[in-house]
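Descriptive analysis of the structure
What follows is the residue order along each chain.
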Amino acid sequence: DKVEKYYALWRTNALMVAWAHSGRLGDQFAKICRTPDLPPMFFPRTAQQFEGFFEETKDFVLNVAPGFFPKDIADAEYISKLGKETLEVATTIHGFNDHLQKIGTDVGLVHVNCQ
């Protein structure tokens, strides 16, 4: 169920944040996770820029913390497919941005923090 996977992702994010702030993940967590750059959602990325970001993500999901994710997500075949699909979005997001600018400020309809 796609919706359940979405909710599982956000529950996992919430657990990670709580554990990190409480010290449950240990001191190494701050070394593994760095402060992110501007979110790539609304800024087109080159394939090379995306590759570095996605390699970090893939390593985290498959090697650093696979237990944080459902088994079908922490799966090399799935991650490979996800990488191809998200690369397409990351390099062509300007079309979506242009549309949002034409119709006004409807970002709240798609932004995860507003859902």
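Because the structure is a prediction, the values reported are computed rather than measured. Within each chain, residue numbers correspond to sequence positions counted from 1 in written order. For a predicted model such as this one, the threshold for reporting local features is a pLDDT of at least 70, and the threshold for listing and counting side-chain atom pairs is 80 or more; totals across whole chains, interfaces and linings nevertheless cover every residue. Values reported for side chains reflect all heavy atoms of the structure, with hydrogen atoms and water molecules removed beforehand.

Here, nonpolar core refers to any group of buried Ala, Val, Leu, Ile, Met, Phe, Trp, Tyr and Cys residues whose side-chain atoms link them within 4.5 Å. Throughout, exposure labels follow a simple rule: accessible area from a 1.4 Å probe, protein chains only, divided by the maximum for the residue type, with under 20% read as buried, over 50% as exposed, and the rest as partly exposed. Counting 13 residues, the largest nonpolar core has M16, F29, F60, F68 and F69 as its most contacted members. Residue assignment for this core shows that the elements contributing at least two residues are α3 (47–64) and α4 (76–103). For the purposes of this entry, the term helix denotes a DSSP run of H or I that reaches at least four residues, the term strand denotes a run of E that reaches at least two, and both are numbered from the N terminus. Among the elements that make up this core, the one with the highest residue count is α3 (four residues). In what follows, residue pairs with any heavy atoms lying within 4.5 Å of each other are defined as contacts. When neighbours within four sequence positions are excluded, F60 is seen to be in contact with M16, F29, I32, C33, A65, P66, F68 and F69.

Before going further, it helps to examine the packing of aromatic side chains. In this scheme Phe, Tyr and Trp rings, the latter by its six-membered ring, pair at centre separations within 6.5 Å, and the angle between planes marks the pair as stacked below 30 degrees, edge-to-face above 60, and tilted otherwise. Here the structure, examined in full by the defined rule, presents five aromatic pairs. Aromatic side chains F50 and F53 sit 6.2 Å apart centroid to centroid with 55 degrees between the ring planes, which places their arrangement in the tilted category. In this pair, F50 and F53 both sit in helix α3, three residues apart, roughly one turn of the helix. Residue class for F50 comes out buried when judged on its relative accessible area of 8%. Judged by centre distance (5.5 Å) and plane angle (20 degrees), the rings of F50 and F54 are stacked. One end of the pair, F50, and the other, F54, are both in helix α3, four residues apart, so they sit about a helical turn from each other. Take F54: its relative accessible area is 9%, and that puts it in the buried class. The structure contains a cluster of three or more aromatic residues connected by ring pairs, namely W19, F60, F68 and F69.

What follows concerns α3. End to end, α3 covers 24 Å across 18 residues, agreeing with the expected 26 Å (1.5 Å per residue, within 8%). Among all positions in α3, only F50, F54, F60 and V61 are buried. All buried residues of α3 lie within an arc of 115 degrees about the axis, which places them on one face of the element. Those residues of α3 that are exposed and angled more than 90 degrees off the buried face are Q48 and N63. A helix is expected to span 1.5 Å for every residue after the first. The directions considered for the arc are those from the helix axis to the C-beta atoms.

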